[in-house]
Amino acid sequence: MKKVILCGALAALILGTQAASAAEFYIVRDATTKKCTVVDTKPTTTTTTVVGDGVYKTKTEAESAVKTTKVCTER
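These figures come from a predicted structure and were not determined experimentally.

1. A closer look at the pairing of strand β1 (residues 25-30)
Turning to step 1, where the next piece is worked out: Sheet topology places β1 next to strand β3 (residues 48-56); six bridges connect them, and they run antiparallel. Note on β3: the bridge partner recorded for Tyr26 is Val55.
Turning to step 2, where the next piece is worked out: Bridge count between β1 and strand β2 (residues 36-39): four bridges; the pairing is antiparallel. Across the sheet, Ile27 pairs through a bridge with Val38, a residue of β2.
Turning to step 3, where the next piece is worked out: Counting the residues in the hairpin turn of β1 and β2 gives five residues, including Lys34, whose phi is positive at 65 degrees.

Printed below as a string of structure tokens:
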């Protein structure tokens, strides 16, 4: 019984780590406000557009890219 519990806990840990490392972040630009934001899901609406280099692995990386993405820095 202890082996089953240990194996279950180990499997949950491994799957949780894979899910956390599979996070994706996107820079999206709202068509009406012209503002860029970082989101964790790919937009499916036509009111926002993905800009920048596409998918970022961390939120910090995406936030840094907002500062250097041309359409996000234009006024």
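Let's pick the thread back up.
2. Some points on the state of the cysteines
Working definition: the covalent bond between the sulfur atoms of two cysteines is a disulfide.
Turning to step 1, where the next piece is worked out: Evaluated as defined, the whole model comprises one disulfide.
Turning to step 2, where the next piece is worked out: Here Cys36 engages in a disulfide with Cys72; their sulfurs sit 2.1 Å apart. The S-S bond linking Cys36 to Cys72 shows a torsion near -90 degrees; that makes this disulfide left-handed. Here Cys36 is found in strand β2, whereas its partner Cys72 is found in helix α3 (residues 70-73), with 36 residues between them in sequence.
Turning to step 3, where the next piece is worked out: Note on Cys72: relative accessible area 18%, which makes it buried.

3. Observations regarding the sheet that holds β1
Turning to step 1, where the next piece is worked out: Across the sheet, three strands lie side by side as β2-β1-β3; this open sheet has antiparallel pairing. Among the strands making up the open sheet, the edge pair consists of β2 and β3. When strand polarity is set aside, the average angle formed by the axes of neighbouring strands in this sheet is 30 degrees.

What counts and what doesn't
Residues numbered from 1 in each chain as written. Predicted model: local features only at pLDDT ≥ 70, side-chain atom pairs only at ≥ 80, totals over all residues. Heavy atoms only, no water. Pairing = 2+ DSSP bridges. Helix = DSSP H or I, 4+ residues; strand = E, 2+ residues; numbered from the N terminus. Disulfide = S-S within 2.5 Å. Buried < 20%, exposed > 50% of the residue type's maximum accessible area, 1.4 Å probe, protein only. Axes fitted to C-alpha atoms, helices over the stretch in contact; angles between N-to-C directions.

Just geometry here; none of it tells us what the structure is for.
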